[in-house]
Amino acid sequence: MPDEVVLPLPNVYDLSRPALTALITGWGYERYRADQVWQWLYRRRVTNFEAMANLPSALRERLAAETRLGGLTLVQEVRSSDGETRKYAFSLPDGQIIETVLMRYEGVRRTACLSTQAGCAMGCVFCATGQMGFARHLTAGEIVEQALHIARVLEAEGHRLSNVVLMGMGEPFHNYDHTLEAIRRLADKDGLAIGQRHITVSTVGLVPAIRRFAEEDLQVRLAISLHAATDEERSALLPINRRYPLADLLSAVRDYIQRTGRRVTFEWTLIAHENDTPQQAHALGKLLHGLLCHVNLIPLNPTSGYHGEPSDRQRVERFVRILQDYGIPTTVRVRRGIDVNAGCGQLKTEILRRDRPA
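Report follows, based on the coordinates. (Residues numbered from 1 in each chain as written. Predicted model: local features only at pLDDT ≥ 70, side-chain atom pairs only at ≥ 80, totals over all residues. Heavy atoms only, no water.)

## Observations regarding the overall build of the protein
Stage number 1. Each helix and strand counted, the protein has 12 helices and 12 strands in total.
Stage number 2. For 358 residues, the compact-globule estimate of 2.2 N^0.38 gives 21 Å, and the C-alpha radius of gyration of the protein, at 21 Å, lies within 12% of that figure.
Stage number 3. Projecting the C-alpha coordinates of the protein onto the three principal axes gives extents of approximately 70 × 55 × 45 Å.
Stage number 4. With 358 residues in all, the protein has 54% of them scored as buried.
Stage number 5. For the protein, long-range pairs separated by at least 24 residues make up 67% of all intrachain contacts whose partners lie at least 6 apart in sequence.
Stage number 6. As displayed, the protein has an accessible area near 16300 Å², and 50% of this comes from carbon and sulfur atoms.
Stage number 7. Within the protein, one finds 44 positive and 41 negative side-chain charges whose respective centroids are separated by 4 Å. (Helix = DSSP H or I, 4+ residues; strand = E, 2+ residues; numbered from the N terminus. Rg over C-alpha atoms; globule rule 2.2 N^0.38 Å. Buried < 20%, exposed > 50% of the residue type's maximum accessible area, 1.4 Å probe, protein only. Contact = heavy atoms within 4.5 Å. Areas by Shrake-Rupley, 256 points an atom, 1.4 Å probe, with all protein chains shown as cover. Lys, Arg positive; Asp, Glu negative; His and termini not counted. Charge placed at Lys NZ, Arg CZ, Asp CG, Glu CD.)

Encoded structure:
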């Protein structure tokens, strides 16, 4: 007979609050016991069931026997030389590896960059995650557990997690339902209690999902990876543009702004002599003129699978000046974590290369 496949116990973080309540009451306990478990999971952020001190021992034992508290195992942690960025690689029960980044800023802002997929199906040519291909979606619990890990790290140092960006490995809107459940969990006042306006979700431009997101009645920020202002150039960088060209994308963005009244951020990775030219800056200015938006310019984080180089300071400053002439608010993002492979997928690529048999 073939060996029996032993499936992992269900992850308690994958249970929504109603599902957790149904589980606990189905075992014969009162509803308030589920509320207590929820508080232990998300407010006190314990790492084992035994620590849930106000629960009956029989309930703790059953939780430990029939569920598991998390599924992420820390594989590697690296810290930038300035101490402001930390990157974590986690393995999942099926052997997949994902990445999470902690970024510190002046003042109280502490941001977690979370992955929503293992790998990515979008194929953006300059992205290490896009170069490795798609493995699977993460569950809502696997997304939230990354934030819980960062929250514990910060709490031990006397700080709190203030911001979350869903900009790590994967396309969040390709994993729409799990991403939205994770966002609601992150923002839950009885969960991690991150203010919705301190949560940002990024997409390469999945038009139907943008339109769906506009109807969610959330205050969460929307960022769109643009990177080129003409269809020819954008399709060369982001293959998804062949399916959802700029006209369709900008139509969805305008409808989103009209429906929500919220400003949209456009992410633009500056690649030397490719999309940092005056011609591209003028094209972008014309494309976005009059739109309630902000452009976030990001010098390229180089990867081994892409030949491009980051723009130098003079080219960045020229690009900014042109956009300002069109009245478009623009920020140049500080390059963080270059020495810890902080770009999406870079640490995983390094781990896989290191562990590959000779």
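## Points about the nonpolar core
Stage number 1. In terms of nonpolar packing, the biggest core is built from 101 residues, with Phe 213 and Phe 266 touching the most fellow members.
Stage number 2. Per-element accounting of this core gives the leading share, nine residues, to helix 5 (residues 140-156).
Stage number 3. When sequence neighbours within four positions are dropped, the list of residues in contact with Phe 213 reads Phe 173, Tyr 176, Leu 180, Val 201, Leu 218, Val 220, Leu 222 and Tyr 256.
Stage number 4. By size, the runner-up hydrophobic cluster in this structure holds six residues, among which are Val 101, Met 103, Val 165 and Met 167. (Core = buried A, V, L, I, M, F, W, Y, C linked by side-chain atoms within 4.5 Å.)

## Some remarks on the pairing of strand 10 (residues 264-270)
Stage number 1. Judged by how many residues are buried, strand 10 sits mostly within the fold: seven of seven residues are covered.
Stage number 2. On strand 10, burial covers both faces: Val 264, Phe 266, Trp 268 and Leu 270 on one face and Thr 265, Glu 267 and Thr 269 on the other are all buried.
Stage number 3. Bridge analysis of strand 9 (residues 221-225) against strand 10 gives four bridges, and the strand direction is parallel. What sits directly across from Leu 222, in strand 10, is Val 264.
Stage number 4. Inspection of the sheet shows strand 10 paired to strand 11 (residues 293-299) by seven bridges, in the parallel sense. Opposite Thr 265, over in strand 11, you have His 294 as the bridge partner.
Stage number 5. In this view, the connection linking strand 10 to its parallel neighbour strand 11 by way of helix 10 (residues 278-288) has right-handed handedness. (Pairing = 2+ DSSP bridges. Right-handed = clockwise from strand over helix to strand, strands pointing away.)

## As for the pattern of salt bridges
Stage number 1. All told, the structure shown has 20 salt bridges when counted by the stated rule.
Stage number 2. Several salt bridges share partner residues, and in doing so they unite Arg 17, Asp 35, Lys 189 and Asp 190 into one network. (Salt bridge = Lys/Arg side-chain N within 4 Å of Asp/Glu carboxyl O.)

## A word on the sheet that holds strand 2 (residues 85-91)
Stage number 1. Pairing in this open sheet of 10 strands is mixed, and the strands run 1-2-3-4-7-8-9-10-11-12 from one edge to the other. Taken across any chain shown, the strands that pair with only one partner, and hence form the sheet edges, are strand 1 (73-79) and strand 12 (330-332). Strand-to-strand twist across the sheet, computed as the mean angle between neighbouring axes with direction ignored, equals 20°.
Stage number 2. The strands touched by helix 11 (residues 313-325) within the sheet are strand 10, strand 11 and strand 12, with strand 12 carrying the most contacts at an inclination of about 170°. (Axes fitted to C-alpha atoms, helices over the stretch in contact; angles between N-to-C directions.)

## Some details on the state of the cysteines
Disulfides are covalent bonds that link the sulfur atoms of two cysteine residues.
Stage number 1. What the rule picks out here adds up to zero disulfides.
Stage number 2. Considering cysteine sulfurs only, Cys 124 is the nearest to Cys 120, which forms no disulfide, with 6.3 Å between them.
Stage number 3. Left unpaired, Cys 124 is separated from the closest cysteine sulfur, that of Cys 127, by 6.2 Å. (Disulfide = S-S within 2.5 Å.)

## Some thoughts on helix 6 (residues 176-187)
Quick reminder: α-helices carry 3.6 residues per turn. Residues three or four places apart thus point the same way.
Stage number 1. The end-to-end C-alpha separation of helix 6 is 16 Å, in line with the 16 Å expected for 12 residues at 1.5 Å each.
Stage number 2. Burial in helix 6 covers these residues: Tyr 176, Thr 179, Leu 180, Ala 182, Ile 183, Arg 185 and Leu 186. (Expected span 1.5 Å × (residues − 1).)

## Here we look at the packing of aromatic side chains
Stage number 1. Applying the stated criterion across every chain yields a total of eight aromatic pairs.
Stage number 2. A ring pair is formed by Tyr 88 and Phe 90, whose centres lie 6.2 Å apart and whose planes are at 15°; its orientation type is stacked.
Stage number 3. Sitting above the plane of the Trp 40 ring, Arg 44 keeps its charged end 4.2 Å from the centroid.
Stage number 4. Looking at Arg 109, its charged tip hangs above the ring of Tyr 105, at a distance of 3.9 Å from the centre. (Phe/Tyr/Trp six-rings, centres within 6.5 Å; stacked < 30°, edge-to-face > 60°. Lys NZ or Arg CZ within 6 Å of the ring centre and 35° of its normal.)

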